[in-house]
Amino acid sequence: MKTHFLPRMIPDLAALKYKLLFLMLFSFSIQVYAQHPPVFEGMTIDTTYIVLNDLRVNLVRYGYGKPNINFLAIHDDEDTGIKAAFEYIRFNGGKVIDSQYGDVRNFKFNYWEKEYQTDPNSIYTPAGIKIGLEKYGNFNDEVSKQLERASKVILNLYHAHNKPDYMFTLHNNADGGFGISSYLKGYDLESAADSVYINSEMDADDLVLVTELALFNGLKAEKVNVVLQSREAPDDGSLSIYAMHQKIPYINVEVQHGHQEEHLRLIEIAVKVLKETYPDLKGNAPK
Ligand SMILES: [Zn+2]
């Protein structure tokens, strides 16, 4: 009995192993293709996902080297910042959280046969969630609660365990339209800015937005286009408003799509200013 049993089991096991290996390779290759920015060797990747009814939002966290600055990108159609942050962490260590939900700007999903849409950068305050949903159409209390829970998942992932000691976000914009000039007197975002510094040698679409005067002064000293968000800026539910209300120093480095080198340059300057301004940042690598 045994002599028959063993030879039959061994090939079966071998075949099973093969199948498992095949499945692993298969799912691995799918995973790699689904990630838009090119990953490099040694990078760690983990994914947390949020389900908004029929929309799945993947929060893909890429890490490399020693802990350093954590970056966050919340718009999936803005990839220049991710590429620049990859370059940054490749040489300096750190983490990047990239929100992936179909290469578009807005969250769009159905709930009980109605469509809902909002900008993911309007879900960080209750007032902003309402404004955000109504801007694109339908509002619903349960959907509003779902978005609030989604914002908490993103915040928790960004700095697990306790209140972050800073927030560093990355955005990209189109040529013309929104830029540093939007914050000047007489323009759209005048009321959102307390102070503006413009280096006329820089592209007006490339800028940094901060919530703390010390960061503004540091970036101004580096001759970088910079906006200090006003304490009275309207509550649009954006992360910068949330951070300001929570007294979390906030930096958004935002450049025109494709300005990758400039994005990296501004990230490097902003990290330097952040560390000089707050030498005791807990999220930092050992000095
Ligand atoms: Zn953005």
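Up top you'll find the structure we're talking about.
These numbers were taken from a predicted model, which means no experiment stands behind them.

The rules behind each value
Residues numbered from 1 in each chain as written. Predicted model: local features only at pLDDT ≥ 70, side-chain atom pairs only at ≥ 80, totals over all residues. Buried ≥ 20, exposed ≤ 12 C-beta atoms within 10 Å, placed from the backbone. Helix = DSSP H or I, 4+ residues; strand = E, 2+ residues; numbered from the N terminus. Arc of directions from axis to C-beta. Contact = placed C-beta atoms within 7 Å. Axes fitted to C-alpha atoms, helices over the stretch in contact; angles between N-to-C directions. Parallel < 35°, antiparallel > 145°, perpendicular 65-115°, else oblique. Left-handed = near helix turned anticlockwise from the far one by under 90°.

Draft legend 1. Here's a closer look at helix α5 (residues 213-221). Here α5 has its buried residues at Leu-215, Phe-216, Gly-218 and Leu-219. One side of α5 carries all its buried residues, which in axial view fall inside an arc of 165 degrees. Turned more than 90 degrees from where α5 packs its buried face, Leu-213 and Ala-221 sit exposed. Those residues of α5 that are buried lie in contact with β8 (193-197), β9 (207-210), β10 (226-229), β11 (250-256) and α7 (260-277).

Draft legend 2. Spotlight on unusual backbone geometry. Phi angles above zero are rare outside glycine, and Asp-103 is one such case at about 60 degrees. Assessed through the 10 C-beta atoms surrounding it within 10 Å, Asp-103 is described here as exposed. Phi at Lys-223 takes a positive value of approximately 60 degrees, unusual for a residue other than glycine. You can see Lys-223 is positioned in the loop between α5 and β10. Note on Lys-223: 13 C-beta atoms within 10 Å, which makes it partly exposed.

Draft legend 3. Just the packing of α5 against α7, in detail. Packing of α5 against α7 brings their axes to within 9 Å, and their N-to-C directions diverge by 130 degrees. Here α7 runs oblique to α5, going by the angle between their axes. In this structure, the crossing between α5 and α7 has a hand that is right-handed. Here α5 contributes Ala-214, Leu-215, Gly-218 and Leu-219 to the contact with α7, which in turn contributes Ile-269, Ala-270, Val-273, Leu-274, Glu-276 and Thr-277.

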